[in-house]
Amino acid sequence: MLLETAVLLAAAGLSTTRAFVLPKRDRSDFYQIGTQEHIFPYLAGAGPYFSYPENYGIPVDPPKECKITQVQLLARHGERYPTKSRGKKLLNTWNTLQKYPHEFNGSLAFINDDYEFFIQNMDDLEMETTTQNSINAINPYTGEMDAKKHAQQFLAQYEEFLEDNREFAVFAASSQRVHDTAQYFIDSLGDKFNISLQVVSEEPSAGANTLSPGYSCPAWNPDEYADIIDAFSTDFLKDIATRMNKENHGLNLTKSDAENLFSWCAYELNARGFSEICNLFTPEELIRYSYYDDLSSYYEDGPGYPMIQAVGANYLNASVKLLKESDDLDQKVWLSFTHDTDILNYLTTLGLFDDDKDLDPSTVPFRNHVFHKSWMIPQGARVYTQKYQCKNDSYIRYVVNDAVIPLENCSDGPGFSCEAEEFYDYANQRMEGQNFFEACNTSSVSNTTELTFFWDWNTTQYNATLLQE
Ligand SMILES: Cc1ncc(C[n+]2csc(CCOP(=O)(O)OP(=O)(O)O)c2C)c(N)n1
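No experiment lies behind these values; they were computed from the predicted model shown.

Rules used in this analysis
Residues numbered from 1 in each chain as written. Predicted model: local features only at pLDDT ≥ 70, side-chain atom pairs only at ≥ 80, totals over all residues. Heavy atoms only, no water. Buried < 20%, exposed > 50% of the residue type's maximum accessible area, 1.4 Å probe, protein only. Helix = DSSP H or I, 4+ residues; strand = E, 2+ residues; numbered from the N terminus. Pairing = 2+ DSSP bridges. 1 Å grid on protein atoms, 1.4 Å probe; cavity = no way out; pocket = protein on both sides within 12 Å on 5 of 7 lines; lining within 4 Å. Points joined across faces, edges and corners; volume = space filled by probe spheres on them. Nonpolar A, V, L, I, M, F, W, Y, C, P; charged D, E, K, R; others polar. Patch = residues over 30% accessible without salt bridge, like charges linked within 9 Å, V, L, I, M, F, W, Y side chains within 5 Å. Areas by Shrake-Rupley, 256 points an atom, 1.4 Å probe, with all protein chains shown as cover. Salt bridge = Lys/Arg side-chain N within 4 Å of Asp/Glu carboxyl O.

1. Brief notes about the pairing of strand β5 (residues 382–390)
For step 1, the next point in the chain: For β5, the buried fraction is high: eight of the nine residues fall into the buried class.
For step 2, the next point in the chain: By the bridge criterion, nine bridges tie strand β1 (residues 66–76) to β5 in an arrangement that is antiparallel. Residue pairing across strands places Val 71 opposite Gln 386, the latter belonging to β5.
For step 3, the next point in the chain: The hairpin turn running from β5 into strand β6 (residues 393–400), its antiparallel successor, is two residues long, and Lys 391 in that turn takes a positive phi close to 50 degrees.

Below, the structure written as structure tokens:
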């Protein structure tokens, strides 16, 4: 380097070394990307997509003698940056680290080597990660690529069925990231399809005509079962903070900093493809963190909160109606995109992961543990309902994140499916006495009592204003 250039850069307060020191081979993102996929299931559904880990081995294609007659999808948006509120918390922890006046020792030492925080632009908060906004050109875990890959997988899987079904509406809740995911998916399907994207309002005023009933549910109280969740020991968080503080005298990381590090790890994976922060945790800490999240979700948005059965009934009721009307409806493909908790509410009403045993806060269970939240709704989650005909009978079954998950009490049909009439009885039973509008006190924010967009999109045209939330 010319001496003058070095002097100029130094005068501007910029380091002259950075541009000229290649990262060490073992610290290069190139070599590290792809080495952390085994921890995705432990990141509370905030990290990159992964297939449902407990696959029973049932082929996703219906048996050969059967013919698909309807497909429904309820999907989560793809990998994203943190929300604004989460981003603020992560920045606080990052500031604490940045203010530390000494070189870091031990597991945090990577920060000494020109570590660049993964949130570079506050406008990225709440948004999908994309090739454009990723801080690493070779990040394989963008929400954009996930949606595009998902669409290609969908095309390959339903190739024959889609031959005759190339024109349909796709539905997205009106959050920007949800909309963007649906758009990437549609773009990736290609120009042989004629698709109309319907953006359904997620404002509380949408009432029951929504894909995100969580926002139209004023009666929902996140703290309803806080006493159970709080009974879980979070000593593992204290242990993490203590370990970092011992390695670095004077660093006063707190328990909540330790908790933030887990989501830092997850979101950095979405934005960079790799995160040194993920390497701070022991396997045992990851397991405890993951169960803590299962427990919270179970009692806030899952089977542990009886009201959720009514919230999830809003979509399940519509889904069952579509299944029953499949012969009469021209549209056979029903793809919808929304948020994690809304899918969880729906799965709860459906009872696909409900073994009637409440999760225990006094210990981490292993054998009695069906409810793994991150397995159900990781970023890019996809819950398919398949209806197919074999001889003269129709059958229903579910494919969650690439794995066929049979209904525990109704799986005698081909491919471990549930005979349609039996399924309708089962669904009725799950929804008996469940009224979303009443249970949520939705009348205080809206007078829309029915979900109608699947049936009236053609005349109404849904194009709600996109929200950065
Ligand atoms: C039944 C219910 N009502 C209201 C809420 C409040 N709430 C928290 S998160 C959320 C939706 C968006 O959640 P986010 O964590 O940003 O999910 P993502 O977009 O990543 O899927 C809602 C409606 C809830 N969780 N559950």
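2. Some words on empty space enclosed by the protein
For step 1, the next point in the chain: Taken as a whole and assessed by the stated rule, the structure comprises four cavities of 30 Å³ or more.
For step 2, the next point in the chain: Val 60, His 150, Gln 153, Phe 154, Gln 157, Arg 382, Tyr 384, Val 399, Asn 401 and Asp 402 are the residues that line the largest cavity.
For step 3, the next point in the chain: At the level of elements, α4 (143–157) and β5 are the ones that each hand at least two residues to the lining of the largest cavity.
For step 4, the next point in the chain: Ranked by residues supplied to the lining of the largest cavity, first place goes to α4 with four residues.
For step 5, the next point in the chain: Here the residues of the lining of the largest cavity are counted per class, giving four nonpolar, four polar and two charged.

3. Regarding the layout of surface pockets
For step 1, the next point in the chain: Quantified by volume, the largest pocket comes out at close to 1,400 Å³.
For step 2, the next point in the chain: Taken together, 46 residues make up the lining of the largest pocket; nearest its centre are Arg 86, Glu 300, Asp 340, Thr 341 and Lys 373.
For step 3, the next point in the chain: For the lining of the largest pocket, the secondary structure elements donating two or more residues are α3 (84–99), α7 (226–230), α9 (255–272), α10 (283–301), α11 (308–324) and α12 (340–350).
For step 4, the next point in the chain: For the lining of the largest pocket, the leading source of residues is α10, giving seven residues.
For step 5, the next point in the chain: Class assignment for the residues of the lining of the largest pocket results in 16 nonpolar, 13 polar and 17 charged.

4. Points about a nonpolar patch on the surface
For step 1, the next point in the chain: Taken together, the side chains of Phe 30, Tyr 31 and Ile 138 present a nonpolar region at the surface, about 340 Å² in accessible area.
For step 2, the next point in the chain: Considering the arrangement of structural elements, one finds Tyr 31 in helix α2 (residues 29–32).

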